[in-house]
Amino acid sequence: MARIELRGIHKRYADGFHAVKDLNLDIPDGEFMIFVGPSGCGKSTALRMIAGLEGISEGELLLDGEVVNELEPKDRDISMVFQSYALYPHMTVRQNLAFPLRIAGRPKDEIETRVNEAAAVLQLSDHLDRKPANLSGGQRQRVAMGRAIVRSPRAFLMDEPLSNLDAKLRVQTRTELARLQRRLGTTTVYVTHDQTEAMTLGDRVAVLNAGELQQVGTPRDLYAHPRNIFVAGFIGSPAMNFIAAELQGGEIRTARGDLPVNDWWRERLTGASPNQSVILGIRPEGFSDAALEEGTGPEFDVEIEVVESMGSDLFAYFSPESTGARSQSLDDLAQQSGLGDATASRPGEQLVARLDPMSRVAVGQHARLRIDTSHIALFDPETGLSLADHESTAPTLTSA
Ligand SMILES: Nc1ncnc2c1ncn2[C@@H]1O[C@H](COP(=O)(O)OP(=O)(O)O)[C@@H](O)[C@H]1O
Ligand SMILES: [Mg+2]
């Protein structure tokens, strides 16, 4: 069991590339912490520094209060699970599971007990005498996890361990993994580029971009109160809609219509200037079809361009009137997260509403969409920061 603290950690590779910048994180004992961010943002580098597989250029890494920067990986008592789970093909599942304990010179009966326990936890008891080649992908991944847990290490580090599994198995294994971590209560740091995985697995999620920590918080925090446009656009699927707007006398003016500033925001907008340009963020679920039920609240009249009926949800796409929201942060977001590719348009150029499947909105027709103003976000177009956070600079959680 271990508390892991990262204090001002930097990684500069030999070629000068600054892959991790001033990372500050306090991971309490037993926490399931997720590192999420686009490919190349420094997740694996950060994880490998915790494991000791990569040197720390600057800063301090502490395990249970003790600085371990110079400690060899084997002396850190941490287990790592990788995307490619290299099992020994000539060994049975039992021998694969026993291997780390044999290397550590544990007595035979202890090895047997621990292997049987790990196999039971991972539902591998019936497969102990089989070879990896005869197992399914999911079973093989469980053997790889088993090899990590037999040692009862102080912490688990996992680098995209589910990426090689097909979609259905990934979801299933994800659920098993969450249950396993809770049962063992071992501090776990888990790396993924998949925001859905991050949001469903973790106690807390650290969002990284270009080597910098953007925000750390519970999945709920990140979703409800993103500190900047990057987090807002990266977390949530489909992504948050971004609309160019202006603050004017207690109203948010957009080309599609005006919204009142709600109480939560009014308290936090004390530093905003009159007629300030803003980027308004509305989650797809912040819209509803006004034709379906009576209600109050501002409405946008839009022309529906695409409808996707998913059974439980209906996604309706429409364009923001005139130009989309413009901001350097939005351009970065599109580039870094690949969102631009995924949606075939830059964030801000096409908007999407998640509607009740009973909705009768149709392509080419007008619809009135009601907006739940309790779920909006406001950002500074210059800095990309949430206007609720305009005093704070570095969005990091430092330990005392
Ligand atoms: N040995 C290395 N030398 C130089 N640059 C590296 C090295 N390893 C990784 N990088 C760079 O550091 C950045 C972060 O890499 P990585 O931590 O693997 O990203 P992620 O796991 O988030 O996809 C990338 O731009 C990558 O190209
Ligand atoms: Mg990686």
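What this report covers is the structure whose coordinates are included nearby.

The rules behind these values
- Residues numbered from 1 in each chain as written.
- Chains lettered and ligands numbered in written order.
- Predicted model: local features only at pLDDT ≥ 70, side-chain atom pairs only at ≥ 80, totals over all residues.
- Heavy atoms only, no water.
- Core = buried A, V, L, I, M, F, W, Y, C linked by side-chain atoms within 4.5 Å.
- Buried < 20%, exposed > 50% of the residue type's maximum accessible area, 1.4 Å probe, protein only.
- Domains from an automatic or database assignment.
- Contact = heavy atoms within 4.5 Å.
- Helix = DSSP H or I, 4+ residues; strand = E, 2+ residues; numbered from the N terminus.
- Pairing = 2+ DSSP bridges.
- Polar contact = N/O pair within 3.5 Å; in protein donor to acceptor, adjacent residues only side chain to side chain.
- Axes fitted to C-alpha atoms, helices over the stretch in contact; angles between N-to-C directions.

1. A short note on the nonpolar core
Within the largest apolar cluster, 78 residues are counted, with the highest numbers of intra-cluster contacts made by Val207, Phe242, Ile252, Leu280, Phe287 and Leu378. Each of domain 1 (4-224) and domain 2 (229-379) accounts for three or more of the residues forming this core. Residues contacting Phe287, with those up to four places away along its chain left out, are Asn241, Ile282, Phe300, Phe318, Val352, Ala353, Arg354, Leu355, Leu369, Arg370 and Ile371. Judged by nonpolar contacts, the second largest core, of 29 residues, contains Leu23, Ile56, Val68 and Leu157.

2. With respect to the pairing of strand 3 (residues 32-36)
Counting buried residues in strand 3 gives 5 out of 5 residues, a clear majority hidden from the surface. Residues Phe32, Ile34 and Val36 of strand 3 are buried on one face, and the alternating residues Met33 and Phe35, pointing to the opposite face, are buried as well. Summarising the sheet, strand 3 and strand 9 (residues 204-209) pair through 4 bridges and their orientation is parallel. Within the sheet, the bridge partner assigned to Phe35 lies in strand 9 and is Ala206.

3. Re the environment of Ser163
Here Ser163 is to be found in the loop between strand 7 (155-159) and helix 6 (167-184). When neighbours within four sequence positions are excluded, Ser163 is seen to be in contact with Gln83 and Arg170. A polar atom in the side chain of Ser163 sits 2.9 Å from the backbone oxygen of Glu160.

4. Some points on the sheet that holds strand 2 (residues 18-27)
Taken in spatial order, the 4 strands make up an open sheet running 2-1-4-5, and their pairing is antiparallel. Here the strands that pair on one side only, and so sit at the sheet edges, are strand 2 and strand 5 (66-67). Sheet topology note: the strand 1 (residues 4-12)/strand 2 ladder contains 6 bridges and is antiparallel. Of the residues in strand 2, the one forming a bridge with Glu5 is Asp26. Helix 1 (residues 43-51) contacts strand 1, strand 2 and strand 4 (58-63) of the sheet and is inclined by roughly 120 degrees relative to strand 1.

5. Observations concerning the sheet that holds strand 15 (residues 287-289)
Spatially, 15-20-16 is the arrangement adopted by the 3 strands of the open sheet, whose pairing is antiparallel. Where the open sheet ends on each side, the last strands, each with one partner, are strand 15 and strand 16 (299-303). The sheet shows a mean angle of 40 degrees between the axes of neighbouring strands, taken without regard to direction. Pairing of strand 16 with strand 20 (residues 366-371) involves 5 bridges; the strand directions are antiparallel.

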